[in-house]
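# Residue-level structure breakdown
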Amino acid sequence: MRIELIKRPQHSVLFSALSPFIAFALTVIFGAILFALLGRNPVTAMYIYFVSPLTQVWQIHELAVKAAPLILIAVGLAVCYRSNNWNIGAEGQLTMGAIAGSILPVLVPEYQGVFLLPLMLIMGMLGGALYAAIPALLKVRFNTNEILSSLMLVYVAQLFLDWVVRGPWRDPQGYNFPQTIQFSDAATLPELFPESGRASWDFVFAIVAALIVWFLMAKTLKGFEVKVIGQSPRAGRFAGFSTGRMVLFAFLVSGALAGLAGISEVSATINQLQPVISPGYGFTAIIVAFLGRLNPIGIIAAGLVLALSYLGGEAAQAAIGISDKTARVFQGMLLFFVLASDTLIYYRIRLVTGRKTAGKATGEAALEHS
C-alpha cells in the first residue's frame, strides 16, 4: 500500500478554509506526543500552552503585547508574498526601524516636544522601508534572489545594532552594559489601560494596519495589481503593470510595517536599545502570514494564536520545566503542519493498495500487448 497525491483540477475552497484548523489540530496531537516522550503530562502541557495564559486580565494584555509586532510584520509580508516577492528579512527591517526610530531619544534627549513620538514612529517606518529597498533594488536591477539577499541583511542589521549599543550609543552612566540611555516618558508609547496591564498602542497600530491593507487588497486597483502580478507576471505585463515597481512597492510596504513594529517594541516594551530587541518576531511572522492565508483579517487571528504559543512556551518552561528549544520545536511543528496541510488545497490523497496496484499493472500490461 502506498499514498498517492492526485492533483486537483482546481484548488479546493473547502480545504483552503479548513487547512489552518487541520494544521492546528495536528500540532496539538504531535505536540502532546512530544511532551509525553519528554515525560510530561500532555494534557497539563496543552492546558499551560493554550488555556492558562488567558485566565487573567493582565495575561490578555501580555497576549496583545506579543501579538502586535507579529501582526504588523505579517500584514506587510502578506503584500510581498501575494505579489510573488519573498521577503525573508523582516527581522532585519525591524531592527533597522528600531535603530532609526531611536535616533531622537538617544542623540537628542533634551527634545521632549509633542512631536517626538510621531517623529520616532515615522523615522522607524522610514528606516525599515529603506532597508527593505536594498533587496528590492538588487532584484530589480541585477535579478538577484531576494530570499538570500533579504535573509543575509538580517545578520548585517543585528551586527550593526550590536556595534551601536556597545560603541557610539552606549549609555555612559550604564555601568559598561551594552545599552543606550532609557527613553524619556515623552518617547515612550503609552499604555492602553495602564491600570490593568501593559498593552500599548502598538496593538491598535497592528489592527489598523491590517484593516488598511485588507481594504487595499480587496477594494483598490493596487490590490488587484498585486494579485495579478503575483499569480501571473506575464498577464500583469499584458495588463500594463510594472513588475519592477511592484517589487519596490511590496518591499517598501513590508519594510515600513516591520520598522514600525521595531520602534514600537523598543519604545513601548524595552524602553532602550539593547543587543537583542526581538525574540525572532520577523521570522515567526512568516508563520503568521501563512497561517492567516495571506489575508490581513486572518493574520489578526493567526497573530493571536502564535502570541499565545509564545506565552504558553514561556509558561511551560516555568511550570513543567521544558527548555526554550522544546518550545521552539513546538512552534516549528505548527509551521510544518501549516505548509503540509496546504498540500490538501491542490492535491487529494489516495491510498493505493497492493491489489489495486497489481490490477492496474496487469491492465497496463494488457494494453501494451494489445
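Worth saying up front: this structure is predicted, and the values here are computed from it rather than measured.

## Some remarks on the overall build of the chain
Scanning the chain for helices and strands turns up 15 helices and two strands. Considered along the principal axes of its C-alpha atoms, the chain spans approximately 90 × 60 × 35 Å. When burial is assessed residue by residue, the chain has 46% of its 370 residues classed as buried. Considering only contacts within the chain whose residues lie at least 6 apart along the sequence, 76% involve residues at least 24 apart. Summed over its atoms, the accessible surface of the chain is roughly 18,300 Å², and 68% of this surface lies on carbon and sulfur atoms. Seen as two clouds, the 25 positive and the 18 negative side-chain charges of the chain have centres 16 Å apart.

## Brief notes about the environment of G313
With respect to the helices and strands, G313 occurs in helix α13 (residues 296-319). Relative accessible area serves as the criterion here: at 2%, G313 is assigned to the buried category. When the C-alpha positions of G313 and W86 are compared, they lie 28 Å apart, and in sequence the two are 227 residues distant. Non-local contacts of G313, meaning those with residues more than four positions away in its chain, are made with Y49 and A327.

## What to know about unusual backbone geometry
Backbone geometry at N176 places phi at a positive 70 degrees, although glycine is not the residue there. Inspection of the secondary structure assignment puts N176 in the loop between α7 (146-166) and α8 (202-219). One non-glycine residue with positive phi stands out, namely L294, at about 60 degrees. Tracing the backbone through its elements, the reader meets L294 in the loop between α12 (281-291) and α13. Of the residues examined, L294 reaches a relative accessible area of 15% and is grouped as buried.

## A few points about α13
The periodicity of an α-helix, 3.6 residues per turn, causes residues three or four places apart in sequence to face the same way. Here α13 is 24 residues long and its end C-alpha atoms lie 34 Å apart, about the 34 Å a rise of 1.5 Å per residue gives. Count one or two residues on from α13 and you reach G321, which has phi positive near 75 degrees.

## Some thoughts on a nonpolar patch on the surface
A surface patch of nonpolar side chains, about 780 Å² in accessible area, is lined by M1, I3, L5, Y346, Y347, I349 and L351. For the nonpolar patch, the elements supplying multiple residues, two or more each, are β1 (2-7) and β2 (347-352). For the nonpolar patch, the element with the highest residue contribution is β2, accounting for three residues.

## Quick notes on the packing of aromatic side chains
Under the counting rule described, the total for this entry stands at 14 aromatic pairs. Ring plane angle 40 degrees and centroid distance 5.8 Å describe the contact between F35 and Y49, whose orientation is recorded as tilted. One end of the pair, F35, is in helix α1 (residues 13-37); the other, Y49, is in helix α2 (residues 42-50), and 14 residues separate them in sequence. For the pair F35 and Y49, a shared accessibility class is recorded, and that class is buried. Between Y281 and Y310 the ring centres are 6.0 Å apart and the planes differ by 70 degrees, which places this aromatic pair in the edge-to-face class. One end of the pair, Y281, is in helix α12; the other, Y310, is in helix α13, with 29 residues separating them in the sequence. Assigned by exposure class, Y281 and Y310 land together as buried. Each member of the aromatic cluster is reached from another via a ring pair, and the members are F24, F35, Y49, F50 and F330.

## Considerations on the pattern of salt bridges
If you walk through the whole model with that rule in mind, you get nine salt bridges. For D162, the salt bridge goes to R166, with nearest N and O atoms at 2.9 Å. With D162 and R166 both in helix α7 and four residues apart, the pair spans about one turn of that helix. Here D162 falls in the partly exposed class, since its relative accessible area comes to 25%. Overall, the relative accessible area of 42% leaves R166 in the partly exposed class. When salt bridges that share partners are traced, they join R2, E4 and R350 into one network.

## Comments concerning helix α6 (residues 116-142)
For α6, with 27 residues, the first-to-last C-alpha span of 39 Å sits near the 39 Å given by 1.5 Å per residue. Taking the largest bend as the criterion, α6 deviates by roughly 25 degrees, centred on I134, and proline P135 comes between one and four positions later.

## Quick notes on empty space enclosed by the protein
Scanning the entire structure with this criterion turns up one cavity of 30 Å³ or more. By volume, the largest cavity is sized at about 40 Å³. By residue number, the principal contributor to the lining of the largest cavity is helix α14 (residues 324-346), which donates three residues. Its residues assigned to classes, the lining of the largest cavity shows five nonpolar, three polar and no charged.

Basis of the calculations
- Residues numbered from 1 in each chain as written.
- Predicted model: local features only at pLDDT ≥ 70, side-chain atom pairs only at ≥ 80, totals over all residues.
- Heavy atoms only, no water.
- Helix = DSSP H or I, 4+ residues; strand = E, 2+ residues; numbered from the N terminus.
- Buried < 20%, exposed > 50% of the residue type's maximum accessible area, 1.4 Å probe, protein only.
- Contact = heavy atoms within 4.5 Å.
- Areas by Shrake-Rupley, 256 points an atom, 1.4 Å probe, with all protein chains shown as cover.
- Lys, Arg positive; Asp, Glu negative; His and termini not counted.
- Charge placed at Lys NZ, Arg CZ, Asp CG, Glu CD.
- Expected span 1.5 Å × (residues − 1).
- Patch = residues over 30% accessible without salt bridge, like charges linked within 9 Å, V, L, I, M, F, W, Y side chains within 5 Å.
- Salt bridge = Lys/Arg side-chain N within 4 Å of Asp/Glu carboxyl O.
- Phe/Tyr/Trp six-rings, centres within 6.5 Å; stacked < 30°, edge-to-face > 60°.
- Bend = angle between axes of the 7 residues up to and from the residue.
- 1 Å grid on protein atoms, 1.4 Å probe; cavity = no way out; pocket = protein on both sides within 12 Å on 5 of 7 lines; lining within 4 Å.
- Points joined across faces, edges and corners; volume = space filled by probe spheres on them.
- Nonpolar A, V, L, I, M, F, W, Y, C, P; charged D, E, K, R; others polar.

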